Structures are given as structure tokens and as C-alpha cells.
Amino acid sequence: MFKVKKAVIPVAGLGTRFLPVTKTIPKEMLPIVDKPNLLYNIEEAVKAGVEDIILIQGRGKNSIEDFFDVSYELEARLVKDNKTDLLNKIIHLKDMCNIITVRQKVALGLGHAVHCAKPVVGDENFAVLLGDEIMYTDDNTPTVTKQLIDSAGANNVSTVAVMHVSMEDVQKYGIIKMEELGPNRFKVLDVVEKPNPDQAPSQYALPGRYVFSAKIFDHLENIKPSKRGEIELTDAQTLLAQKEGLEAITFAGLRYDAGDKFGYIQANIEFALRHPELQDKVKKYLSELKL
Ligand code: UTP
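Residues numbered from 1 in each chain as written. Predicted model: local features only at pLDDT ≥ 70, side-chain atom pairs only at ≥ 80, totals over all residues. Heavy atoms only, no water.

1. Observations regarding the overall build of the chain
1) Next: If you tally the helices and strands in the chain, you get eleven helices and 14 strands.
2) Next: Compactness check: the chain gives a C-alpha radius of gyration of 19 Å against a globular reference of 19 Å for 291 residues, within 12% of the reference.
3) Next: Taking all 291 residues of the chain together, 47% fall into the buried category.
4) Next: For the chain, the accessible area works out to roughly 15,100 Å², and carbon and sulfur atoms hold 52% of it.
5) Next: Separation between the mean location of the 37 positive side-chain charges and that of the 41 negative ones in the chain comes to 3 Å. (Helix = DSSP H or I, 4+ residues; strand = E, 2+ residues; numbered from the N terminus. Rg over C-alpha atoms; globule rule 2.2 N^0.38 Å. Buried < 20%, exposed > 50% of the residue type's maximum accessible area, 1.4 Å probe, protein only. Areas by Shrake-Rupley, 256 points an atom, 1.4 Å probe, with all protein chains shown as cover. Lys, Arg positive; Asp, Glu negative; His and termini not counted. Charge placed at Lys NZ, Arg CZ, Asp CG, Glu CD.)

This is how it looks when you write it as C-alpha cells:
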């Protein structure tokens, strides 16, 4: 059985694409409508059965920990004002899962960030969700993390999410070389970080959702920094694919790159168009907008 009860969410990056706001506000705390984008990921993991969330944090990210802590003054005020709906919105945050934080002292890359979780994860299987990638699934569809856990469980193998991208976009992602195993399911042979379009092994890209066995830690310990000086999660995935096996599935759902300005604005517009209090107003506003 490929049980997954822990999820690692790296949030220690510098968020340079969002400067100047990220000088003091972590990009994972930027709101999509009324929730920080990190909360969408945590809810996705919790809906998949995850109980422990391990946040890999860097300096200047303390507001993330505070967000999941008790807020006595605010709660007392909302009780006094009888604002039960608002109170429930903040109370459930501290009870939905265990939040464990680990410090990544130097931002040496995504692979290094994931390795920082080893003392907490131990020998267990675990999920990884990139803190600034948001996956939307409707209420009748399992979350993307749940889709991965189910496929990993059915086939007893580490499994990552992939999506088909244009040839022009392959240089923005880790790209897999693969053999087809069935509809939407692949055996991963190799993972190449941000290839030039003429060297890309396929057009299937990793958008930031993974389910790994703890063996990934051994591989992260054995790889050298890449040309850009980072410990790359993609290099460790290649070793995992070659030694223990790795599968990839395409997923049902919509993905937003909320670490990028345009993706962030798209996410805000589309989540507002799904929000019961806002959807009519926003739809009307957009249809009447003249610039
Ligand atoms: P990104 O490269 O998208 O994040 O890393 P970044 O470095 O913060 O972004 P820009 O390009 O400067 O705007 C993907 C994820 O991995 C985390 C980031 O926080 C992000 O969620 N990460 C990256 C770490 O936790 N540690 C690292 O050393 C690198």
C-alpha cells in the first residue's frame, strides 16, 4: 500500500518575480480573492487525506506561521460582535491539519528544500505541492494530490503530475522522457530541467505536484548542484525513475501559476467568478469594462 499522510510544501524561495511586494510579504501569502494562495494548497492536500503539512520556510516568512496560529484578540472581537461566519473562517485554520515548519537556511534549490523535510518525513511516502501553483478541481472531482495518491496506491509506485505544454513553453519546466503505459499514464525514463525546445524529450511538463517514496531523499543526497548552482528535484526524480520506478499521470483540473504575475491575476479573476458573493458583480464589471 502506498499510504500518504504527509505533504511537504516548500515556501522558502525569494519570490523575485513578484518584487517589490515580496520584499516583506511571502508570495505564498498573497491573496487569491480572500485566502492566501498557500491555503488553497493546504486544503487540496487535506482533502486528499494528508494530516501533517511540512512547510519548508526561509527567513522573513514568519507571517505564514502566524496565519495558522490562534489569534486571541481577533477571535474575542468576533465572538463579542457575534460574527460567527467570520469566526468559523479563522477557527478552522488551526484545526484542519498539523502544521510543522522546517527552516531551509540557504535557498539552494527546490531539491534541497524537499530534502530539508527528511527528519520529519522519515521512511514514509509523502506528497510535495509547490507553494505557488494552484490546482482547481470542482467539488465532484478528487483534488490533484488525491488523484496522484490514488494512482500511486493502485500501482505501488511514486507518481508525479504532468501536463501537456506548447513547444515554446518546455524551457520553463522540468520535462519528462517517457513510455506510455495507458491512457494518461506514463512510465518516466528521465526528467530534464528546462530544456531548449530542440532538445526536449517530450511536451509533458511537471507543474508541481508529486507523490514520492522516501527513497527520493537518498537520491537528493547523492546529486551535485546543477549548472545553475541548485540541487534540482528533477535530477533526483531521474534517479528515482531509473532505480525504483516513477510514473506520471495527466490530471483532471485547472492549474494556475500564481508565482507569476499573469497567472496570479488569472487565478484572482477566475476564483472571483466562482465566488458566490462576487461572481455576478465581477461578471458584470468585466463585461462592461472599457479600457
Ligand atoms: P520558484 O523558483 O518558483 O520560487 O520555486 P522562487 O525562487 O521563490 O521564485 P522567483 O522565480 O524568484 O519568483 C518553486 C517553489 O520552490 C520553493 C519556492 O518557495 C517555490 O514555492 N523553493 C525554491 C524553496 O523553498 N527553496 C528553494 O531553494 C527554491
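Here the narrative resumes, following the displayed structure.
2. Some words on a nonpolar patch on the surface
1) Next: A surface patch of nonpolar side chains, amounting to about 630 Å² of accessible area, comprises I265, I269, Y285, L286, L289 and L291.
2) Next: Breaking the nonpolar patch down by element, the ones donating at least two residues are α10 (261-274) and α11 (279-288).
3) Next: When you line up the elements, L286 lands in helix α11.
4) Next: Judged by its relative accessible area of 33%, L286 is partly exposed. (Patch = residues over 30% accessible without salt bridge, like charges linked within 9 Å, V, L, I, M, F, W, Y side chains within 5 Å. Salt bridge = Lys/Arg side-chain N within 4 Å of Asp/Glu carboxyl O.)

3. Comments concerning the site of the ligand
1) Next: Near the ligand you find 18 residues, and of these G13, G15, T16, R17 and Q104 are the closest.
2) Next: T16 places a side-chain nitrogen or oxygen 2.5 Å from an oxygen atom of the ligand.
3) Next: A distance of 3.4 Å separates an oxygen atom of the ligand from a polar atom in the backbone of L108.
4) Next: In this structure, the ligand is accommodated by the largest pocket.
5) Next: In the shell around the ligand, the residues fall into eight nonpolar, six polar and four charged. (Near = heavy atom within 4 Å. Polar contact = N/O pair within 3.5 Å; in protein donor to acceptor, adjacent residues only side chain to side chain. 1 Å grid on protein atoms, 1.4 Å probe; cavity = no way out; pocket = protein on both sides within 12 Å on 5 of 7 lines; lining within 4 Å. Sits in = over half its atoms within 2 Å of the grid points. Nonpolar A, V, L, I, M, F, W, Y, C, P; charged D, E, K, R; others polar.)

4. Thoughts on the side chain of T22
1) Next: As for its placement among the helices and strands, T22 is situated in the loop between β1 (6-10) and β2 (31-32).
2) Next: In this structure the side chain of T22 is engaged in a polar contact, spanning 2.8 Å, whose partner is the backbone oxygen of G15.
3) Next: Once you skip the residues sitting within four places of it in the chain, T22 turns out to touch L14, G15 and K27. (Contact = heavy atoms within 4.5 Å.)

5. Focus: the packing of helix α3 (residues 72-80) against helix α4 (residues 84-95)
1) Next: At a minimum axis distance of 9 Å, the contact between α3 and α4 shows a crossing angle of 145°. For α3 against α4, the interelement crossing comes out left-handed. Residues L74, E75, L78 and V79 of α3 form the contact with α4, whose own contacting residues are L86, L87, I90, I91 and K94.
2) Next: Residues of the contact of α3 with α4, tallied by class, amount to seven nonpolar, no polar and two charged. (Axes fitted to C-alpha atoms, helices over the stretch in contact; angles between N-to-C directions. Left-handed = near helix turned anticlockwise from the far one by under 90°.)

6. What about helix α1 (residues 37-47)?
Note that an α-helix has 3.6 residues per turn; residues three or four places apart therefore point the same way.
1) Next: For α1, the tally of buried residues reaches nine of eleven residues, placing the bulk of the element in the interior.
2) Next: Of the residues making up α1, those classed as buried are N37, L38, L39, Y40, N41, I42, E43, E44 and A45.
3) Next: Trailing α1 by a residue or two, G49 shows a phi angle of about 95°, which is positive.

7. Structural notes on unusual backbone geometry
1) Next: A cis amide bond, omega 10°, links L19 with the succeeding residue P20.
2) Next: The topology assignment puts P20 in the loop between β1 and β2.
3) Next: Not every positive phi belongs to a glycine, and N82 is a case in point at roughly 60°.
4) Next: Mapped onto the fold, N82 is located in the loop between α3 and α4.

8. A look at the pattern of salt bridges
1) Next: Taken as a whole and assessed by the stated rule, the structure comprises 18 salt bridges.
2) Next: When the shortest N-O distance is used, the salt bridge between K6 and D52 registers 3.4 Å. Of this pair, K6 sits in strand β1 while D52 sits in strand β4 (residues 52-57), and the two are 46 residues apart along the sequence.
3) Next: Take K6: its relative accessible area is 10%, and that puts it in the buried class.

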